[in-house]
Amino acid sequence: MNAYILKIIAIVGMALQHAALVLGDTIPTVLHFPFQLAGGFTFPIMAFLLVEGYRHTRNVKAYALRLGIFALVSQPFYMWAFGTWFGFNIMFILAIGVLSLMLYDYTKGGAHAWVFWLAFVPYTLISLMADWGIVGPVMILLYHVVKKEGWRRTLSPVIAGVYNFGLIMLITALAVFVEFVFPGAMGAAVEGMGVAVVDPLMGLAGLMFPVGSILSLFCLRAYNGERGPGMKYFFYAFYPAHLAALGLATWLLR
């Protein structure tokens, strides 16, 4: 697979999983299984290609700036689609990820290597407010620092799968506990955080997401290092465009 094919897999998976999250029970429950599975492929591939782009771009500062601009452009559509004023879209993780790689390369092997970790720790904590949380920056860094190619393409997807499985289990257990101790107290929050409480089948479908994350390693290991067709800005523009479409869909379905 070349980079173009990997990007297609990533954005299709992203669109399907976001549709499942945003549209909820307006989509047949049975479709949530493949949609969540496909979504699990997205960030492991996006983070990998981010590092590949960082290594091969002619102007890394322009690369980071471009990601930052699209993060800002996408944020209103992200909030509209997901109906939230809290949290940041995944483009912020990618943009700051490039900056962290620049700082890592600038400080590594020198007396000021501690500067990187001084910046990386708060960046990782801030990532809790964005898609993929603290595991996102860790995956990006591992893709860059792990030297053996086979391990580089395997370790991050496995970590992503284990992390997301544990997070789903933790949130679901918390929702079940709160609902058991304080019946009805969670209200809409229980429905949003622990779908297994409301619909066990939907909760089971959510477990397909970490499975997809792990399976993405086979796509990465099939990567041949070639770029493939262009259409760079199509992939950038697709992110805010699909969020706008989902926001419009939820507005029309009210």
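Residues numbered from 1 in each chain as written. Predicted model: local features only at pLDDT ≥ 70, side-chain atom pairs only at ≥ 80, totals over all residues. Heavy atoms only, no water.

What follows concerns the overall build of the chain. From N to C terminus, the chain includes 13 helices and 0 strands. Ordered by position from N to C terminus, the α and β elements of the chain give α-α-α-α-α-α-α-α-α-α-α-α-α. Computed over the C-alpha atoms, the radius of gyration of the chain is 19 Å, within 12% of the 18 Å expected from 2.2 N^0.38 for a compact globule of 254 residues. The C-alpha extent of the chain, read off along each of the three principal axes, is 55 × 40 × 35 Å. Per-residue burial over the chain gives 44% buried out of 254 residues. Contacts in the chain between residues far apart in sequence, at least 24 positions, make up 74% of those at least 6 positions apart. On the chain, roughly 13000 Å² of surface is accessible, and the fraction owed to carbon and sulfur atoms is 74%. (Helix = DSSP H or I, 4+ residues; strand = E, 2+ residues; numbered from the N terminus. Rg over C-alpha atoms; globule rule 2.2 N^0.38 Å. Buried < 20%, exposed > 50% of the residue type's maximum accessible area, 1.4 Å probe, protein only. Contact = heavy atoms within 4.5 Å. Areas by Shrake-Rupley, 256 points an atom, 1.4 Å probe, with all protein chains shown as cover.)

Counting across every chain of the model gives 16 aromatic pairs. For the pair F48 and Y223, a centre-to-centre distance of 5.4 Å together with 85° between the ring planes defines the contact as edge-to-face. Here F48 is found in helix α3 (residues 42-56), whereas its partner Y223 is found in the loop between α12 (208-221) and α13 (232-252), with 175 residues between them in sequence. When sorted by exposure, F48 lands in the same class as Y223, which is buried. Look at F234 and F238: their rings are 6.1 Å apart centre to centre, the planes differ by 50°, and that puts the pair in the tilted class. Residue F234 and its partner F238 are located together in helix α13, separated by 4 residues, close to a single helical turn. By way of ring pairs, the aromatic residues Y104, F116, W117, F120 and Y123 are connected into one cluster. (Phe/Tyr/Trp six-rings, centres within 6.5 Å; stacked < 30°, edge-to-face > 60°.)

With respect to the helices and strands, the residue R153 is situated in helix α8 (residues 149-181). In terms of polar contacts, R153 uses its side chain to reach the side chain of E149, at 2.8 Å. Reaching out from R153, the side chain makes a polar contact with the backbone oxygen of L220 at a distance of 2.7 Å. Apart from the residues within four sequence positions on either side, R153 is in contact with F48, L217, L220, R221 and Y223. (Polar contact = N/O pair within 3.5 Å; in protein donor to acceptor, adjacent residues only side chain to side chain.)

It is the contact of helix α6 (residues 113-126) with helix α7 (residues 135-145), at a shortest axis distance of 8 Å, that shows an interaxial angle of 140°. With respect to α7, the element α6 is oriented oblique. The way α6 lies across α7 gives a crossing that is right-handed. For the pair α6 and α7, contact is made by F116, W117, F120, Y123 and T124 and by P137, V138, I140 and L141, respectively. (Axes fitted to C-alpha atoms, helices over the stretch in contact; angles between N-to-C directions. Parallel < 35°, antiparallel > 145°, perpendicular 65-115°, else oblique. Left-handed = near helix turned anticlockwise from the far one by under 90°.)

Mapped onto the elements of the fold, P137 is located in helix α7. With 104 residues separating them in the primary sequence, P137 and F33 have C-alpha atoms 27 Å apart.

Below, the discussion takes up the packing of α3 against α7. It is the contact of α3 with α7, at a shortest axis distance of 9 Å, that shows an interaxial angle of 45°. Judged by the inter-axis angle, α3 sits oblique to α7. In this structure, α3 crosses over α7, and the sense of that crossing is right-handed. Taken together, the residues of α7 that come into contact with α3 (itself represented by F43, P44, A47, F48, L50, V51, Y54 and R55) are G136, M139, I140, Y143 and H144. Classifying every residue of the contact of α3 with α7 gives 10 nonpolar, 2 polar and 1 charged. (Nonpolar A, V, L, I, M, F, W, Y, C, P; charged D, E, K, R; others polar.)

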